[in-house]
Amino acid sequence: MATFDPQFIWFGLVSGSLIALGALGLTLIFGILDFINIAYGEYMAFGAFVAFGLNTQANMPMVVAGIGGVLGAGVLAIALDKVVFEKFRNRSAIVLLVVSIGLSFILRNSIRIIWGSGTKRFDIPIEQAPTYFGISILPDQVAIIILSFGVLALTFVLLRKTDIGIAMRAASDDTDLAQIRGVNTERLVLYVWLVGGLIAGIAGVMLGIDSVLRPTMGFLTLIPIFAAVILGGIGDPVGAVVGGYAIGLLQELSVVVIPSEYKPLIGLLVLVVGLLTRPDGLFGEATR
Amino acid sequence: MTFLEAKNLKSGYGDAIIVNGASLEMEDGEMVTIIGPNGAGKSTFLKTIVGLLRVREGTVTFQGEDVTDVPADEAIDYGMCFVPQVDNVFPNLTVMENLKMGAWSLEDDDVFESRLEGVYERFPELENRTTTLAGNLSGGQQQMVAMGAGLMLDPDLLILDEPSAGLAPDLVDDMFEKISEINDDGTSVLMVEQNARRALSESDRGIVLDMGESRMEGTGAELLDSEEVAELYLGT
Ligand SMILES: Nc1ncnc2c1ncn2[C@@H]1O[C@H](COP(=O)(O)OP(=O)(O)OP(=O)(O)O)[C@@H](O)[C@H]1O
Ligand SMILES: [Mg+2]
């Protein structure tokens, strides 16, 4: 246990940014396909490792490698829909859940085979953390917070202001009615996978920058992401983002009351309590 | 040339065949009502015509084109628009967004604006609710949004599944009036109605559907005068 330190709030904002991104991507996919994609964490890890390959093996600057990783995750999401999920489109949510668990296992181990199971780091300079008001703030962390915020804002502009985004929300409400309106929902699904995959890539690369890369990095982040999705009301993009920041802060601040080894359990705790008490999310359905 | 012809249609859900050989013909400009008991397969019949359900047997032709295997998202390009019985608005979209979705395949902004004006003229109540979520509207207002969205592409054929369901009695009259107006303005209308007497009296022709088959057809007046129809399908 530790005494309260404003530093925890800063850490909470950083991890909250990453969780919020993941939660948004996951909830978008849930909205249109009505299943929880357990392999989503591996999409994040894949994006991070592709960036790692480009950065340390092909010696590209981090920014270029990062963009490559993000694109890689987007392509992966579409490819896996075509090869795997499309075959199960009209099956129940349980079948799709089980399929995605299998996929998650395969992806995680593929990453292990390609890049090895050890801990990896991006080839970026280790910086001194300047201290402001007693909080040490790394430039990378500032970048993570700003970039996440930008991506979240951009996604909401897409969902609110563009025709394709409105169609995504429409199909998330009612796929049949979207078809009646003339929307080719199969094509729309690919756009949603692309957006969800790119977001996973961004979250994964930034997670790698924030700490280290491991094949399990995505899978382990999935629990707080789920917790955020559940907290925000499943399928509700605004709720997912708010839930993401809440879980991030809660996790980092929890060290004041519990030993820090138990920090990862916070997500699980929120998940269980949330499912038991507020299955529609903290804000109900109305914030969508 | 027959405007819309469905011939010996069979369709259903999984192994259950619900529409079992039903047929229908209508001419351009007509208003046709399908009546029949609950569970007769009326909604299923409409969903099959518009391509939401696969035609297992039979054919559908519309304005001279074979549309039997045309999926729902393309049916609109042929000029038919369907307003389902339930879930006919996107509840988490605003009224304006719902109307935009009605015009999804429309590229021209000027045409969009003029259609939007047309919808507001028909349903003035919608104009000052554009930013309200459709799910927060009353049943009557939701029905207006559903019909308005259906009219955004100015379809040749409007297919309505129980447009008066769940409306208060005075709104039912309004709704039938609107539908007659739409028909008078040149849009053919095919509808299913529980309010059978009222619907038949407004329609050019009626069709009785029972157990997935079309049992009888005639002008609205003929069906209303038939003792058999009265006894079996109209109640007292
Ligand atoms: N999505 C579905 N899946 C499986 N069975 C269905 C589905 N929708 C309807 N059915 C079944 O098909 C039969 C006909 O239903 P349908 O909705 O077409 O009847 P209807 O004539 O429109 O009835 P109502 O007057 O109640 O609207 C019913 O037995 C119903 O249980
Ligand atoms: Mg029905």
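Fair warning: this is a prediction, and the values are worked out from it, not measured in the lab.

Caption draft 1: Up close: the pattern of salt bridges. Enumeration over the complete set of coordinates arrives at 14 salt bridges over all chains. A salt bridge links B:Arg205 to B:Glu217, with the nearest nitrogen and oxygen atoms 2.7 Å apart. Taken together, the positions of B:Arg205 in strand β9 (residues 205-210) and B:Glu217 in strand β10 (residues 213-219) put the pair 12 residues apart, joining distant regions of the chain. By relative accessible area, B:Arg205 is classed as buried at 15%. Because the salt bridges share partners, they merge into one network encompassing A:Asp81, A:Arg89 and A:Glu186.

Caption draft 2: Spotlight on the interface of chain A and chain B. Listed per partner, the contact involves 21 residues of chain A and 23 residues of chain B. Surface buried jointly by chain A and chain B totals about 2000 Å² across both partners, of which 62% is contributed by carbon and sulfur atoms. Taken as a group, A:Asp173, A:Ile180 and A:Arg181 account for 37% of the area that chain A buries against chain B, more than any other trio of residues on that side. In this structure, the connection of chain A to chain B is made through one salt bridge. At the surface where chain A touches chain B, the tally comes to five residue pairs in polar contact (both at pLDDT 80 or more). Contributing elements (two or more residues each) for the side of chain A that touches chain B: α6 (163-173) and α7 (175-180) of chain A. Looking at the side of chain A that touches chain B residue by residue, the class counts come to nine nonpolar, three polar and nine charged.

Caption draft 3: Spatial organisation of the coordination of the magnesium ion (ligand 2). Residue and element names in this part refer to chain B. Bound to the magnesium ion (ligand 2) on the protein side are Ser43 (OG) and Gln85 (OE1), at distances that span 1.9 to 2.2 Å. Taken together, the residues serine 43 in helix α1 (residues 42-50) and glutamine 85 in the loop between β6 (80-83) and α3 (95-102) connect sequence positions 42 residues apart. Using a relative accessible area of 19% as the deciding quantity, one classes serine 43 as buried. Glutamine 85 sits in the partly exposed class, given a relative accessible area of 31%.

Caption draft 4: Representation of the site of ligand 1. Residues and elements named next belong to chain B. The local shell around ligand 1 holds 13 residues, among which Gly39, Lys42, Ser43, Thr44 and Gln194 are the closest. For ligand 1, the accessible surface in isolation is 630 Å², of which the surrounding protein chains cover 59%. Of the residues that constitute the shell around ligand 1, the class distribution is four nonpolar, seven polar and two charged.

Caption draft 5: Molecular detail of the sheet that holds strand β8 (residues 188-192) of chain B. Residue and element names in this part refer to chain B. One open sheet accounts for six strands, arranged β6-β7-β8-β3-β9-β10; its pairing is mixed. Of all the strands in the sheet, just β6 and β10 have a single pairing partner and so form its edges. Across this sheet, the average inter-strand angle for adjacent strands is 15°, counted without regard to direction. One ladder, built from four bridges, connects strand β3 (residues 31-35) with β8; its direction is parallel.

Definitions and limits used
Residues numbered from 1 in each chain as written. Chains lettered and ligands numbered in written order. Predicted model: local features only at pLDDT ≥ 70, side-chain atom pairs only at ≥ 80, totals over all residues. Heavy atoms only, no water. Salt bridge = Lys/Arg side-chain N within 4 Å of Asp/Glu carboxyl O. Helix = DSSP H or I, 4+ residues; strand = E, 2+ residues; numbered from the N terminus. Buried < 20%, exposed > 50% of the residue type's maximum accessible area, 1.4 Å probe, protein only. Contact = heavy atoms within 4.5 Å. Buried area = accessible area lost by both parts, 1.4 Å probe. Polar contact = N/O pair within 3.5 Å; in protein donor to acceptor, adjacent residues only side chain to side chain. Nonpolar A, V, L, I, M, F, W, Y, C, P; charged D, E, K, R; others polar. Donors = N, O, S within 2.8 Å, 3.2 Å for Na, K, Ca; no water. Near = heavy atom within 4 Å. Areas by Shrake-Rupley, 256 points an atom, 1.4 Å probe, with all protein chains shown as cover. Pairing = 2+ DSSP bridges. Axes fitted to C-alpha atoms, helices over the stretch in contact; angles between N-to-C directions.

Structural measurements only, silent on function.
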